[in-house]
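Structural characterization, general
What follows is the residue order along each chain.
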Amino acid sequence: MNEVSDWSGDVAVSVVPDLEALITQINGALEQGDWAQVVALTAPLHACASALGETQLADLVQDLHWIANDALVNPLFVTSLLSEVRP
């Protein structure tokens, strides 16, 4: 990830804390299995990552968005997958 010192201007200073907070919120939503929250949070996280020029992160976040969206559409499939990997 680019450091704030690599950026000049207010954009990086205001976006980096947002990026970190969103990642923390998404991690919590993932741990809770709250797919709707993951879908809602990935859009602003994608925007933050893009604003920082973090294209790989933005691409991963976009993938996570679609995975979470699929989980909302197919909850029984996700439940069966999770039951296979959880003890």
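Computed from a predicted structure; not experimentally measured.

1. Focus: the nonpolar core
Counting residues in each nonpolar core, the largest one holds 15 residues, and the members touching the most others are Leu19, Leu22, Ile26, Val38 and Leu45. Of all the secondary-structure elements, those providing two or more residues to this core are helix H1 (10-32), helix H2 (35-51) and helix H3 (55-73). Among the elements that line this core, the one with the most residues is H2, at six residues. Every residue in contact with isoleucine 26, bar those within four places of it in the chain, is listed here: Val38, Leu41, Thr42, Leu45 and Leu64.

2. Examining H3
Over its 19 residues, H3 runs 27 Å from end to end, which matches the ideal 27 Å to within 8%, given 1.5 Å per residue. Within H3 the residues assigned to the buried category are Ala58, Val61, Leu64, His65, Ala68 and Ala71. Looking down the long axis of H3, one finds its buried residues gathered within 135° of arc, a one-sided arrangement. Structural note: H3 exposes Thr55, Gln56, Leu60, Ile67 and Val73 on the side pointing more than 90 degrees away from its buried face.

3. Quick look at the packing of H2 against H3
At their nearest, the axes of H2 and H3 sit 9 Å apart, and the two run at 165° to each other. Of the possible angle classes, the one that applies to H2 and H3 is roughly antiparallel. Relative to H3, the crossing made by H2 is left-handed. Between H2, through Trp35, Ala36, Val38, Val39, Thr42, Leu45, His46, Ala49 and Ser50, and H3, the contact on the second element is made entirely by Leu57, Ala58, Val61, Gln62, Leu64, His65, Ala68, Asn69, Ala71 and Leu72. Among the residues forming the contact of H2 with H3, the class breakdown is 13 nonpolar, six polar and no charged.

4. Topic: the confidence of the model for the chain
Residues with a pLDDT of 70 or more make up 79% of the chain, whose mean pLDDT is 81. Ranking the helices and strands of the chain by mean pLDDT puts H3 first, with 93, and helix H4 (residues 75-85) last, with 78. Predicted confidence for residues 1-13 stays below pLDDT 50, and this span has 15 contacts to residues more than four positions away or in other chains.

Cut-off values and rules
Residue numbering note: each chain is counted from 1, following its sequence as written. Only residues with pLDDT of at least 70 get local features here, since the model is predicted, and only at 80 or more are side-chain atom pairs given and counted; chain-wide, interface and lining totals rely on the full set of residues. For side-chain calculations, the full set of non-hydrogen atoms in the structure is used, while hydrogens and water are omitted. Nonpolar cores are built from buried Ala, Val, Leu, Ile, Met, Phe, Trp, Tyr and Cys residues. Side-chain atoms within 4.5 Å join them into one set. Categorising residues by exposure relies on relative accessible area from a 1.4 Å probe, with only protein chains included: less than 20% of the type maximum marks a residue as buried, more than 50% marks it as exposed, and the intermediate range marks it as partly exposed. The helix and strand labels rest on DSSP assignments: H or I over at least four residues marks a helix, E over at least two residues marks a strand, and numbering proceeds from the N terminus. Whether two residues touch is decided by their heavy atoms; if any such pair falls within 4.5 Å, the residues are in contact. Between the first and last residue of a helix there are one fewer steps than residues, each counted as 1.5 Å, and that sum is the expected span. Directions drawn from the helix axis to the C-beta atoms are what define this arc. Geometry is summarised by axes, namely lines fitted to C-alpha atoms with helices restricted to the contacting stretch, and by angles between N-to-C directions that run from 0 to 180 degrees. Any angle that falls under 35 degrees is termed roughly parallel, while one over 145 is termed roughly antiparallel, one within 65 to 115 roughly perpendicular, and all others oblique. Crossing handedness is defined as follows: a turn of the near helix away from the far one that is anticlockwise and smaller than a right angle gives a left-handed crossing, while the clockwise case is right-handed. Polar here means any residue other than Ala, Val, Leu, Ile, Met, Phe, Trp, Tyr, Cys and Pro, which are nonpolar, and Asp, Glu, Lys and Arg, which are charged; Gly is therefore polar. What pLDDT conveys is the predictor's confidence in a given residue, as a value from 0 to 100.

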